[in-house]
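# Inside the fold
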Amino acid sequence: MSIACQIVVCGSIVPDPLQTLEPITSPAGPALKNEMMLPAVLDPWAGHALFEAANLAKNLPGSKVWLVSLGPKAKLQQVMMTVAQKVPFELVALDGPASGFTDATETAAALAEAIQAIPGLDKSRLLVFGGWESASRGAGATLQMVGERLGILDQFQGVDALKVNPDGSLEILERIEGGKHQVSKCAGAPALLGWATGNLPEPKNNPQVGMLNMRTVMPALQKAKPVKFAGEGLSFASVTLPKQMRETQIVKDKSPDAIAQEIVEWIKQ
Amino acid sequence: METILVLAHTETDGSLAKSAREALHAAATLHKSLAGSQFIVGLVGENVQAAANSIAACPATKYLGVTGADFSQSRYATDAAAAEAICRAANGTLVVAPATARWARVLSGVAQRLGGRADTHVTGVAAADGKISVSRWYYRQRMEGTFTRAQRPWFIGIDPGSQAACNCDAGTATVEMVAVALTDAAKRTTVSGIREPKADAQTIRPDAPLLFVTGAGWTKKQADGQPHVAEAEKLILDFLKKSRASLGSSKSLVDLSGEGQAVLPFLSHLNQIGQTGATPRHAKGLSTCCHGEEPHTVGWRFIGERRAISLDPNCGWARGKADVLYVADAFKVMSKVNELLAPNP
């Protein structure tokens, strides 16, 4: 049995986590202050999904990886300059908002449509990957909806490990409560996996991979389909930063023994 | 008029988890505020009678159940089919559910299937003048939004630990069974087990009163110019054993372990808190050797009382974020803490 897979990774961009984020109200609803000016990165958990996909494709000859990414075209281009140097993939770009305040349903519809339009996609070999939650909306909703739209009934979230057996079946570790993993076995593709951290480090930049990828990345960006979201039925009353600023008592002049005593009493309260 | 459906699954022993009772409490609060609303409970599991009985005194007027061996497993296809069937049977407009790992895997998919909308990690629900609003966090707990939705059904996944738990009394509930016809396609996945560290090696304890956060400082060179990783490991594990605290870690410390360095081998990405980790809920938090600014400190956004030990009095992890910052050597302090926590001979 051939187990070459077609792996479609859904991954958008988010502001660099080290940036200061401030919500504002725009005519279209909540947004981030200077959103287009903020440096962006590939969504971290989607990044793990991409690296796992590339590793899987490398080990399953004949496999291929697509990255379906929805975001403002200019920001996508900026991020792809880095991401394209990591692992081989073919980009499918959608030019639209990457905001955390957009509706997962609308995002899912756009992504599913883009996936279905990939030429030569064979659903019997399809694995849809993505991050189990984004660093923007952080809902873990979009992938499930994409899966439903594609008719995929085998879905897994918080995935930390995937093994493809010689017979094409999948063994999957999913995060559950209490620092545990659920172990599942799936008959095979099609399946959808929302990745947590996985087990792979971020690949080093490889200029050769970058050159190969850029042959398809730039055309994909040029023909990125514009996507607009209406946000119908969703109405924000407020988006605010937490105001809670604690009055920190700074204890500088106590001995370790005295501090320990205080901490133990506090723990036991 | 809203029909509020609380959707819960049973645990392996047939009981309801605390998170289910929290969702029940949130839904009951909505029910109270929405005049004329209906209140229905839907349960999924191998057998749901005991669970229904355990909450029989809640305001629900109807209990629906999907039961059988196929529904004992936490698996997308069967859970989605069960949830869909209950939602259709109840004709629920507001579906309130605990955002457990099991339900978080399926709720948004079911909302899609039913033409509804889903919001997860919800930390607050309210209703005023017939209008329902929910609150949740965005950008990894860095800002909080409150909003309403016009679409129905509206699936609301309640973040475990964010609500009070319903303390309704037990009794006898009449459960109407909802039939679900499963195809073979729904059984392509089988759950073969749970993988977890041995009991004495489990460092993640969601129900612990205290979260103990370790930062990369534990592995850095100390006053004598040498790192003391073995000593750090012993101090941390001793403390966890004696305090029964849950262990969280900064990303930098976990990444060091992932990069193959012999650094605190008991840490994994599951311990990681913050921007790309968990944001656990505990009554108290004690951070040690952590450094960083706002983006890194979201990991203890939902910690009640917070104390920190750091050599840096200006540490961004602690200033303005902790109630007390001890400017001290964590090695010395934690060594003494462990001594004091040791049982009397």
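An account of the accompanying structure is given in this report. Note that the coordinates shown come from a computational prediction; the quantities given were computed from them, not determined experimentally.

Turning our eyes to something else, we now look at the overall build of chain B. In terms of helices and strands, chain B carries nine helices and 15 strands. Dimensions of chain B, computed from the C-alpha atoms along their principal axes, are close to 70 × 45 × 40 Å. Within chain B, the proportion of its 345 residues that are buried is 54%. By sequence separation, contacts in chain B at least 24 residues apart represent 67% of the contacts at least 6 residues apart.

A separate point is the overall build of chain A. When helices and strands are counted, chain A shows six helices and 15 strands. Structurally, chain A occupies a C-alpha span of about 70 × 45 × 40 Å along its principal axes.

The interface of chain A with chain B comprises 70 residues on the first partner and 76 residues on the second. Of all the secondary structure elements, the ones that give two or more residues to the side of chain A that touches chain B are helix H3 (104-116), helix H4 (142-150), strand E9 (155-164), strand E10 (170-176), strand E11 (180-186), strand E14 (234-240), strand E15 (249-251) and helix H6 (256-268) of chain A. With nine residues, the top contributor of residues to the side of chain A that touches chain B is H6(A). Tallied by class, the residues present in the side of chain A that touches chain B amount to 36 nonpolar, 23 polar and 11 charged. Sheet topology note: the E11(A)/strand E10 (residues 189-195) of chain B ladder contains six bridges and is antiparallel. Counterpart to A:Gln182 in the pairing with E10(B) is B:Ile194.

On to the pairing of strand E1 (residues 3-9) of chain B, then. Residues and elements named next belong to chain B. When you tally the buried positions in E1, you get six out of seven residues, the bulk of the element. Bridge count for E1 against strand E2 (residues 38-45) is seven bridges, and the pairing is parallel. By the bridge assignment, Ala8 is partnered in E2 with Leu43. What joins E1 to E2 is helix H1 (residues 18-33), and the crossover it makes is right-handed. Sheet topology places E1 next to strand E4 (residues 94-98); three bridges connect them, and they run parallel. Residue pairing in the sheet places Leu5 in a bridge with Val95 of E4.

Among the structural elements, A:Gln157 can be located in strand E9. The residues contacting A:Gln157, other than those within four sequence positions of it, are A:Trp132, A:Gly140, A:Glu174, A:Gly194, B:Ala104 and B:Arg105.

With mixed pairing, 10 strands are arranged side by side in an open sheet as E13(A)-E7(A)-E6(A)-E1(A)-E8(A)-E12(A)-E9(A)-E10(A)-E11(A)-E10(B). The sheet is open, and its two edges are formed by strand E13 (225-226) of chain A together with E10 of chain B, each paired on a single side. In terms of strand pairing, strand E6 (residues 64-71) of chain A meets strand E7 (residues 90-95) of chain A through six bridges, oriented parallel. Note that in E7(A) the partner of A:Gly71 across the bridge is A:Asp95. Along the sheet face, H3(A) touches strand E1 (6-10), E6 and E7 of chain A and points at about 145° away from the line of E6(A). In the packing of H4(A) onto the sheet, contacts are made with E1, strand E8 (126-131), E9 and strand E12 (191-195) of chain A, and the angle to E8(A) comes to roughly 160°.

A separate point is the packing of H3(A) against H4(A). All names here are of chain A. Contact geometry of H3 with H4 gives a least axis separation of 8 Å together with a crossing angle of 45°. Relative to H4, the element H3 lies oblique. Between H3 and H4 the crossing geometry is right-handed. Where H3 abuts H4, its residues Ala104, Thr105, Thr107, Ala108, Ala109, Leu111, Ala112 and Ile115 lie against Thr142, Met145, Val146, Arg149 and Leu150.

The rules behind the values
Residues numbered from 1 in each chain as written. Chains lettered and ligands numbered in written order. Predicted model: local features only at pLDDT ≥ 70, side-chain atom pairs only at ≥ 80, totals over all residues. Helix = DSSP H or I, 4+ residues; strand = E, 2+ residues; numbered from the N terminus. Buried ≥ 20, exposed ≤ 12 C-beta atoms within 10 Å, placed from the backbone. Contact = placed C-beta atoms within 7 Å. Nonpolar A, V, L, I, M, F, W, Y, C, P; charged D, E, K, R; others polar. Pairing = 2+ DSSP bridges. Right-handed = clockwise from strand over helix to strand, strands pointing away. Axes fitted to C-alpha atoms, helices over the stretch in contact; angles between N-to-C directions. Parallel < 35°, antiparallel > 145°, perpendicular 65-115°, else oblique. Left-handed = near helix turned anticlockwise from the far one by under 90°.

Everything listed is a geometric property; what it means functionally is a separate question.
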